Amino acid sequence: MDQGVAAVARIAEAGFLPAVDFIFGLPGETRETIETTKRYAFRLPTTTAQFAVCIPIPGTDLFNEAKEKGWLTTMDWEKYDGLHGAVITYPDLSGDEILKAAH
């Protein structure tokens, strides 16, 4: 059993209700890594698993890299809440695919 599965199992055995969170759309994300992450998440003995889209926050290294490389889809700050869609896209992975993975 891998460390993550074992750790979550120990938390559950201790009487806690474990929950896990995952972010899709970080640099290097692919369709394959999304599927691998989902398979892993559903192997964990948790009460809930939450999936979110990557939101590059202005002023961070990620935001600066995304802006420099043309990965940002909008500068409309109202859309930087993770609910209105992905604000980042990659040449081989669209924002729509990232959003779909998280929902």
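Residues numbered from 1 in each chain as written. Predicted model: local features only at pLDDT ≥ 70, side-chain atom pairs only at ≥ 80, totals over all residues. Heavy atoms only, no water.

Engineer: How do you make sense of the packing of aromatic side chains when you look at a structure like this?
Structural biologist: Ring pairs (aromatic) are described by centroid distance and by the angle formed between their planes. A complete count under the given rule lists six aromatic pairs for this structure. Ring geometry for Phe 24 against Phe 51: centres 5.5 Å apart, planes inclined by 10 degrees, an arrangement best described as stacked. Of the two residues, Phe 24 is situated in strand β1 (residues 19-24) and Phe 51 in strand β2 (residues 48-53); the sequence distance between them amounts to 27 residues. Looking at Phe 51, the relative accessible area reads 15%, which means it is buried. One aromatic cluster is present, formed by Phe 22, Phe 24, Phe 42 and Phe 51 through successive ring pairs. (Phe/Tyr/Trp six-rings, centres within 6.5 Å; stacked < 30°, edge-to-face > 60°. Helix = DSSP H or I, 4+ residues; strand = E, 2+ residues; numbered from the N terminus. Buried < 20%, exposed > 50% of the residue type's maximum accessible area, 1.4 Å probe, protein only.)

Engineer: Which parts of the structure should I look at to understand the environment of Phe 22?
Structural biologist: Relative to the assigned elements, Phe 22 resides in strand β1. For Phe 22 and Thr 89, which are 67 residues apart along the polypeptide, the C-alpha to C-alpha distance reads 18 Å. Setting aside residues up to four positions removed in sequence, Phe 22 forms contacts with Thr 37, Tyr 40, Ala 41, Leu 44, Gln 50, Phe 51 and Ala 52. (Contact = heavy atoms within 4.5 Å.)

Engineer: Where do I start with the pattern of salt bridges in this structure?
Structural biologist: Here the idea is simple: oppositely charged side chains can pair when their charged atoms come close. Counted according to the given criterion, the structure contains three salt bridges. For the salt bridge of Glu 97 with Arg 31, the shortest nitrogen-to-oxygen distance reads 2.6 Å. On the criterion of sequence distance, the pair formed by Glu 97 in helix α4 (residues 95-102) and Arg 31 in helix α2 (residues 31-43) is long-range, its members being 66 residues apart. With a relative accessible area of 27%, Glu 97 lands in the partly exposed category. Accessibility expressed as a relative area gives 44% for Arg 31, which makes it partly exposed. (Salt bridge = Lys/Arg side-chain N within 4 Å of Asp/Glu carboxyl O.)

Engineer: Please explain the nonpolar core as it appears in this structure.
Structural biologist: A general tendency of soluble globular proteins is for nonpolar side chains to be buried together. Ranked by internal contacts, the top residues of the largest apolar core, which has 25 residues, are Phe 24 and Ile 98. When residues of this core are traced back to their parent elements, those giving at least two are α1 (3-13), β1, α2, β2, α3 (61-69) and α4. Here the element with the most residues in this core is α4; it accounts for four residues. Those residues in contact with Phe 24 that lie beyond four places of it in its chain are Glu 29, Ile 34, Thr 37, Lys 38, Phe 51, Ala 52, Val 53, Cys 54, Ile 98, Ala 101 and Ala 102. (Core = buried A, V, L, I, M, F, W, Y, C linked by side-chain atoms within 4.5 Å.)

Taken by themselves, the reported measurements are silent on function.
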